[in-house]
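Residue strings, one per chain:
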Amino acid sequence: MGFKCGIVGLPNVGKSTLFNALTRTAAAQAENYPFCTIEPNEGEVGVPDERLDTIAKIGKSARMVPTRLTFVDIAGLVRGASKGEGLGNKFLANIREVDAIAHVVRCFEDGNVTHVEGRIDPVADAETINTELMLADLESLEKRREALVKKARGNDKESIQTLALVDIALELLRDGKPARAATLQDDQKRPFQRLNLMTSKPVLYVCNVEEDAAADGNEWSKKIEALAESEGARAVVISADIEAELSQLDDDERVEFLETLGLESAGLDRLIRIGYELLDLITFFTVGPKEARAWTIVKGSRAPRAAAAIHTDFERGFIRAQTIDYNDFLACDGEQGARDAGKARDEGKDYVVHDGDVILFKFAV
């Protein structure tokens, strides 16, 4: 099951530097000119989770395999992207393919790094991108609505339902609001997502600050945090330059470097975790002598669907899931102790998996 978070923003805000640090590669060029990224670069990153290390130690596992997210470095958008400016149509299509958006905004001064609009104003930058995404969604829906109206007149049930959702989104977009602001009934949420609107995707604002502001942010990042709160989005403060340095260090050196900067953790760790939360994902674990592994599923998934994250055969042949709560696994010192204490439960097909569950699936092929 793949989950993608797209990194977007104006040119020269630090997207590619951030991507390189995230993936610890030089796959994306980081140059001081617009559109140095044309084809989107993809990189997988492990989701930091101290529970996996603990489970592996208790289970005496030979190795650990963290759950992963895919980040996509999408080229810088500019004003007019919705009309094709700056290869906008191509880049907007890339955004439609991701599950969530990490919106990088420039919250630093640097005379050596040009700004595409000649000034530092992160709120205006964010509004530029948001406007282009809303305009692109608006144009797309208005075109789709014409065909839906014709089918709805013929009493096509699916078209009638889809038209109602399109009109909800259009009302918001015409009022200058993103589609994710829609108030929906539970049975409307999944069909609404299938409209594949860019402005319906969850958003994380990434405030790229100078090194001295990495711990507490600055005046510009505070404004972006306020913007995020007003939109029901999330925000995180990061210094892309610091993260680039950290990406070149081993674990011990990273800890020492963070301590010298007065930082408790790497900004990218926070970004990855929040990106994971944005996608409404949870983690369950499997453990054995060969490996302890973390698995990603959507919150609310039932046991057979979780089994499919390991292998589709597990879902088809699902019998039951031996489930141990993470805290019980720790308190009982592993699987056998949990069994002895009556903390290992046999759950059936209707069981909704909880974040942190340690599971052993029983299945028949």
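This text goes with the structure placed above it.
Residues numbered from 1 in each chain as written. Predicted model: local features only at pLDDT ≥ 70, side-chain atom pairs only at ≥ 80, totals over all residues. Heavy atoms only, no water.

*Asks:* Is there a simple way to explain empty space enclosed by the protein in this structure?
*Replies:* Gaps left between atoms are located by rolling a probe of water-molecule size over the structure's atoms. Applying the stated criterion across every chain, the model contains one cavity of 30 Å³ or more. A volume near 40 Å³ is recorded for the largest cavity. Elements that contribute at least two residues to the lining of the largest cavity include exactly β7 (234-238) and α10 (267-278). Residue composition of the lining of the largest cavity, grouped by class: four nonpolar, three polar and two charged. (1 Å grid on protein atoms, 1.4 Å probe; cavity = no way out; pocket = protein on both sides within 12 Å on 5 of 7 lines; lining within 4 Å. Points joined across faces, edges and corners; volume = space filled by probe spheres on them. Helix = DSSP H or I, 4+ residues; strand = E, 2+ residues; numbered from the N terminus. Nonpolar A, V, L, I, M, F, W, Y, C, P; charged D, E, K, R; others polar.)

*Asks:* Can you help me understand the nonpolar core in this one?
*Replies:* Generally speaking, soluble globular proteins have nonpolar side chains that are buried together. Leu 69, Phe 71, Val 206, Ile 224 and Leu 271 are the most contacted members of the largest nonpolar core, which has 53 residues in total. Residues in contact with Leu 271, not counting those within four places in the same chain, are Leu 18, Leu 22, Phe 71, Leu 204, Val 206, Val 236 and Ile 238. Counting 19 residues, the second largest nonpolar core, distinct from the first, contains Val 149, Leu 170, Leu 184 and Leu 197. (Core = buried A, V, L, I, M, F, W, Y, C linked by side-chain atoms within 4.5 Å. Buried < 20%, exposed > 50% of the residue type's maximum accessible area, 1.4 Å probe, protein only. Contact = heavy atoms within 4.5 Å.)

*Asks:* Quick question: what am I supposed to make of unusual backbone geometry here?
*Replies:* In most cases, non-glycine residues show a negative phi, while peptide bonds are predominantly trans. Of note, the phi angle at Lys 60 is positive, near 50°, even though the residue is not glycine. In this structure Lys 60 comes out as exposed when scored by relative accessible area, which is 68%. Phi is positive for Asn 196, which is not a glycine, with a value near 55°. Of note, Asn 196 is situated in the loop between α6 (186-193) and β6 (203-209). For Asn 196, a relative accessible area of 33% corresponds to the partly exposed category.

*Asks:* What exactly am I supposed to notice about α10 here?
*Replies:* Three- or four-residue spacings in an α-helix give side chains the same orientation, since the helix completes a turn every 3.6 residues. For α10, spanning twelve residues, the distance from its first C-alpha to its last is 16 Å, which sits close to the expected 16 Å at 1.5 Å a residue. Residues Gly 267, Leu 268, Leu 271, Ile 272, Ile 274, Gly 275, Tyr 276 and Leu 278 constitute the buried set of α10. (Expected span 1.5 Å × (residues − 1).)

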